[in-house]
Amino acid sequence: MVKKSEIEQLTNVSSKRINKIEELIGKETIKRVLARCVKEGYTAESIGKMIGKDRHVIHQWLLRYNIKRERFAGFKKAILRVSFNREEYDVKYGRYQKINNQLFRVYYTVPTELFSYIIGLIMGDGHIDERKIYIVGGIKESSFADKVYSLIVELGKNLGNRKVDIHFYKDDKITSRKEATSWRIYFYWSALANMFKTRECLEETFKSIWNNKKLFDAFTAGFFDTDGYFVTKNNKPERIGLEQSKKKWWFLDYYKKLEEKYSININERERDYKIKNRGKIYAGRSSNYLIYLKMSSWNDFIENLMKYSHKKLYHIRAEPFRAHALAVKRWWH
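Nothing here was measured: the structure is a model prediction, and the numbers come from that model.

Looking only at helices and strands, one finds 13 helices and twelve strands in the protein. With the C-alpha coordinates aligned to their principal axes, the bounding extent of the protein is approximately 80 × 50 × 35 Å. Only carbon and sulfur atoms are counted for the fraction: they give 46% of the accessible area of the protein, which is about 18,600 Å². For the protein, the distance from the average site of its 66 positive side-chain charges to the average site of its 40 negative ones is 3 Å.

On to the pattern of salt bridges. All chains considered together, the criterion is met by 20 salt bridges. Here Lys-132 makes a salt bridge to Asp-129, at a shortest N to O gap of 2.6 Å. When its relative accessible area of 27% is taken as the criterion, Asp-129 is described as partly exposed. Note that Glu-238 and Arg-239 form a salt bridge whose closest N and O atoms lie 3.5 Å from each other. Take Arg-239: its relative accessible area is 26%, and that puts it in the partly exposed class.

For helix α13 (residues 312–327), with 16 residues, the first-to-last C-alpha span of 24 Å sits near the 22 Å given by 1.5 Å per residue. Listing the buried residues of α13 in full gives Tyr-314, Ala-318, Phe-321, Arg-322 and Ala-325.

Attention now goes to the side chain of Ser-297. Considering the arrangement of structural elements, one finds Ser-297 in the loop between β12 (280–293) and α12 (298–305). The exposure class assigned to Ser-297 is buried, which follows from its relative accessible area of 5%. The contact partners of Ser-297, leaving out residues within four places of it in the chain, are Tyr-262 and Ser-263.

Reading the values: rules and limits
By convention here, each chain's residues receive numbers from 1 onward along its written sequence. Confidence filtering applies because this is a predicted model: local features only for residues at pLDDT of at least 70, side-chain atom pairs given and counted only at 80 or more, and all residues used for totals across whole chains, interfaces and linings. Water and hydrogen atoms play no part in the side-chain values, which are based on all heavy atoms of the structure. A run of H or I in DSSP counts as a helix once it spans at least four residues, and a run of E counts as a strand once it spans at least two, with each numbered from the N terminus. In short, Shrake-Rupley with a 1.4 Å probe defines the accessible areas, and a residue's cover is counted only from the protein chains shown. Neither His nor the chain ends is counted toward charge; the positive residues are Lys and Arg and the negative residues Asp and Glu. For this purpose, a charge sits on NZ of Lys, CZ of Arg, CG of Asp or CD of Glu. By definition here, a salt bridge exists when the distance from a side-chain nitrogen of Lys or Arg to a carboxyl oxygen of Asp or Glu is within 4 Å. Here's how the labels work: a residue is buried when its accessible area is under 20% of the maximum for its type, exposed when over 50%, partly exposed in between, all with a 1.4 Å probe on protein chains only. Multiply 1.5 Å by the residue count of a helix minus one, and that product is the helix's expected span. Any pair of residues with heavy atoms lying within 4.5 Å of one another is described as a contacting pair.

Below you can see the structure in the form of structure tokens.
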């Protein structure tokens with residue numbers, strides 16, 4: 001793996017001519033850095049950007065040190081991967097790698113609590129296409145929209161200053177916030193979109209997040225802020241739950257990880273639905289999984305999640321549920 005320190009060493013003297021650079025840091029050092037970059041899939045253009053040289057100069061250097069590279073065959077799809085190895089961190093240049101025999105331009109990020117929370121949001125209410133992701137919500141949650149927007153803007157900066165927008169809608173048309181009935185927050189980066197569309201990379205992301213307590217809690221908070229709920233009956237706390245379509249292949253795996261931390265049950269539910277979208281009416285029958293937390297886990301669940309949750313309404317509802325669970329602790333078993 002090419003080391004950041006070696007790249008910086010070359011960058012610090014890259015303004016000089018190659019003969020002078022060789023005198024300063026040695027031919028073998030230059031050759032080793034370039035060879036490692038090529039081996040890891042960096043293009044001449046990317047190497048040039050890293051050290052401050054035109055790609056044509058890098059081509060000449062590769063010839064000078066007899067370093068063979070793959071013939072350029074056009075830009076490939078970009079994709080984001082996660083890694084706890086900070087030496088791999090790269091959200092600017094990307095390197096070519098094969099995933100399932102398909103060549104991608106791969107970027108790497110270190111998963112954080114912010115990243116994990118946003119991934120949870122997307123798994124709940126996210127929509128993905130070729131070049132962007134968007135999260136939707138109702139206008140009654142406008143304060144939640146403001147908070148999520150600020151968080152996604154922050155994530156966009158962390159991932160290489162990616163474009164983020166928020167739009168307000170009425171009858172599927174963009175309108176003013178005052179007249180809107182819903183909102184959408186857009187994150188424009190095909191590499192992130194392709195991470196969700198490539199199962200191997202998404203499983204890799206889940207594994208990294210779910211095997212770390214803080215990241216798992218942040219992910220669950222994001223997912224709960226979109227597809228979770230508190231239910232009261234006769235003004236008394238009754239149920240804390242999560243719901244997701246049975247079509248989502250990852251949900252049962254998530255349930256198993258959740259079961260390692262909390263006492264929970266899972267049920268299935270089918271019901272008819274009728275949705276109006278862009279002037280069309282869609283009707284059918286949904287089939288979902290429902291996860292219910294047993295009261296013995298309410299306190300722990302709330303304690304772990306509310307520090308990451310950004311839904312004001314859930315913070316208001318959480319405390320009565322916690323208090324009720326602790327008050328009737330003797331009945332848990």
